[in-house]
Structure formats: structure tokens, C-alpha cells
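Single-letter residue listing:
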Amino acid sequence: MVTFKHLGPEANELAKLPSVERLAHLRMERWIGYTRAHQVLAQLEALLASEPGKLRPRNLLIVGPSNNGKTMIAEKFRRTHPQRISENGEHEVIPVLTVQMPAEATVNRFFTALQVALGTPVGFYGRHDLREVSTLRLMRTVGVRMLIIDEVHNLLGATARRQRELLNLLRFMGNELRIPVVCLGIRDAYLAIRSDDQLENRFHPLLLPLWESGEEFARLLASFETVLPLREPSHLSSAPLYELIWRRSEGTIGEIAALLISATTAALLQGEERITCAVIERADYQPPSVRRRMVEQELR
Ligand SMILES: Nc1ncnc2c1ncn2[C@@H]1O[C@H](COP(=O)(O)OP(=O)(O)OP(=O)(O)O)[C@@H](O)[C@H]1O
Ligand SMILES: [Mg+2]
């Protein structure tokens, strides 16, 4: 039985497949742990475990640049507390409810997002004036213990009045259900929350900063290497690959992942079993700043 010592168990199995089959698997999202993500997950766990029904629940605001793993962390957390059927078999239990702040943020659209997440069949959404009551009731019935709201920066696109309505609603929901609310978004999410004094001091900010060059980045590359189904080790975390990947990916985990997937694709298409600098140069990947410049030139 062949084993590839540089690969994790799943990639080990995949690596045995012919290139075409491996190519098909490459686009699948896979979770890679890193220190900051583990810290954020630990905070979420602590929040979920803290005494339920506390009068003033603590809230978290996870802020970081776009494409830097915020949604992946929220999803990972939700998967560890999945939806299930209640013990008496009568209803669903949804310990962690995740929604997105709608792009055009209004109270009404937000309730629709909540009802969709709760699995309410369309047509049962109810009269506008009753939606708040029925949605909160349903959230209690299914035992929601944490509400996660992604893309909270969308709030800033709304008129001042709508922003205020939604911020009031967030405060009200947390108080009424006595559950922690976790908001995720880019910097504008922080600005939106900060515009309400009462909310600001209830939300503890957690940053997911751009990646810096250093040991942690090297560790991330080493972890990525264990999941890419190539038969030979590439040594991504050593020079000169480390430097090249660092320079081209420009600091977000999304770009690091995109670059490595393109490089693996290029390697497999060329019949190679490891990533080299030459493979990366030939891969169908441009750093974000280059992509931006290309678009700007096209538009000129
Ligand atoms: N822990 C992880 N393991 C592996 N890949 C990851 C991880 N986190 C993020 N990625 C990669 O980065 C991409 C972007 O992540 P994600 O969608 O979570 O970013 P985001 O911070 O929510 O961005 P946005 O603000 O634009 O919504 C993912 O599609 C995935 O390819
Ligand atoms: Mg996201």
C-alpha cells in the first residue's frame, strides 16, 4: 500500500487517483486550522457555553478584510453545533442560527433571511406586523442559543433611519432571547456597530488581520501542503517557494488558497507531482493588485 508521508489521510487517498480525478476534487472547500482561527473558535465556544439566559449576553464582532476566512470560521463553528431533531422528535433544534445581513438591508428583508434560515416554508412568513413575534417565537422553539450575522457591513449601505431600525432590532433580539449575537464583516461592520453607543459596548471586537510574513504563515503553507493531492513533497514553507507565495498572495488566506489550487492544477495538467516556482509562474493565477490593474487598463 502506497502512502505519501507528506499528506494527511484524505489527501493520501486522493493522491492515488489519476490526475483527471484529482483535478475534479481540487475545487472542494477544505478547512485548515490556524492559530487565529482556533482562538476565534475558542471564543465562540466559550460564548455558547456561558450561562444561558444571562440578562446581558456578551456579543462578538469579528472583523477582517474580505477573503480572509471570516465566513469559513462561522461555518466551521456551525458544523460543530449542527441542526438536529429534538429529543421528543417533535421539532428541529438549531443551536447556532446563521444569517446574512441582506445587501439592501431593511428590517423586513432581515426577517425574511431569519425565516429562511429557520426553515420556515415560504407562504408562512406571515403579516409584516406579526413577523417579529412569530420569528422570535420560532427561534425560542428551535432552541437558538447563538445568532450569527454575516456581512454586517451591508448595514452601512442603508439609509440612516434603516440602520437605526436594524441596530435597534439587533439589540432587542439579543435582550429578548438572551442569547449572544455574533456579527461578522469587513471594517465597515465595525463602523456600523460603533454608530450605536449601546451596541458598541456590548460587542467585543475580534480582528482577523491580514497575514504577515513569519512562522505562522510558514505553518499555514505547511498545512496546505498536507491537503493538496500531489505525490511528491513541494516544501511550500521553505525558501524560495515561501517567498514567492508570500509575495503573490498579498496577505489573505483566500488568495493563498486560490494560488495553491491554481498551482496544483497547473502541476497536474503538466504531469508534475509537486509545486515549484516554475509551476506557480505558469499557473493561471494573478495577484489581486495585478488583476485590479488589468481591469483598470481595460476600462481606460
Ligand atoms: N480555514 C480555512 N481553510 C482553508 N481555506 C480557507 C480557510 N479560510 C478561508 N479559506 C479560503 O479563503 C476563501 C475566503 O474565505 P471566506 O469566504 O471565509 O472569507 P471572508 O473573510 O468571509 O470574506 P468576505 O468578507 O469577502 O465575505 C475561502 O473560499 C477559502 O478558499
Ligand atoms: Mg464572508
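Preceding this paragraph is the structure being described.
Report follows, based on the coordinates. (Residues numbered from 1 in each chain as written. Chains lettered and ligands numbered in written order. Predicted model: local features only at pLDDT ≥ 70, side-chain atom pairs only at ≥ 80, totals over all residues. Heavy atoms only, no water.)

1. Section: the nonpolar core
Turning to step 1, where the next piece is worked out: Formed by 49 residues in total, the largest nonpolar core has its most connected members in Leu44, Val182, Leu260 and Ile275.
Turning to step 2, where the next piece is worked out: The greatest single-element share of this core, amounting to 10 residues, is contributed by helix 12 (residues 253–269).
Turning to step 3, where the next piece is worked out: The residues that make up this core include at least three from each of domain 1 (9–30 + 227–291) and domain 2 (35–207).
Turning to step 4, where the next piece is worked out: With residues near it in sequence (within four places) discarded, Leu44 still touches Leu60, Ile73, Phe77, Met146 and Val182.
Turning to step 5, where the next piece is worked out: Of all hydrophobic cores here, the second largest spans 35 residues; its members include Leu118, Leu170, Met173 and Leu199. (Core = buried A, V, L, I, M, F, W, Y, C linked by side-chain atoms within 4.5 Å. Buried < 20%, exposed > 50% of the residue type's maximum accessible area, 1.4 Å probe, protein only. Helix = DSSP H or I, 4+ residues; strand = E, 2+ residues; numbered from the N terminus. Domains from an automatic or database assignment. Contact = heavy atoms within 4.5 Å.)

2. Brief notes about unusual backbone geometry
Turning to step 1, where the next piece is worked out: A cis amide bond, omega 0°, links Ala239 with the succeeding residue Pro240.
Turning to step 2, where the next piece is worked out: Here the phi dihedral of Asn67 falls at roughly 70°; this positive angle occurs in a residue that is not glycine.
Turning to step 3, where the next piece is worked out: Inspection of the secondary structure puts Asn67 in the loop between strand 1 (59–63) and helix 4 (70–80).
Turning to step 4, where the next piece is worked out: One non-glycine residue, Glu151, adopts positive backbone phi at about 60°.
Turning to step 5, where the next piece is worked out: Within the secondary structure, Glu151 sits in the loop between strand 5 (146–150) and helix 7 (160–177).
Turning to step 6, where the next piece is worked out: For Glu151, a relative accessible area of 26% gives the class partly exposed.

3. Notes on the packing of helix 10 (residues 215–227) against helix 12
Turning to step 1, where the next piece is worked out: Helix 12 packs onto helix 10 with a crossing angle of 40° between their chain directions and a minimal axis gap of 11 Å. Classed by the angle they form, the pair helix 10 and helix 12 counts as oblique. The hand of the helix 10/helix 12 crossing is right-handed. On helix 12, the residues touching Phe217, Leu220, Leu221 and Phe224 of helix 10 are Ile253, Ile256, Ala257 and Leu260.
Turning to step 2, where the next piece is worked out: Among the residues making up the contact of helix 10 with helix 12, the classes are represented as 8 nonpolar, no polar and no charged. (Axes fitted to C-alpha atoms, helices over the stretch in contact; angles between N-to-C directions. Parallel < 35°, antiparallel > 145°, perpendicular 65-115°, else oblique. Left-handed = near helix turned anticlockwise from the far one by under 90°. Nonpolar A, V, L, I, M, F, W, Y, C, P; charged D, E, K, R; others polar.)

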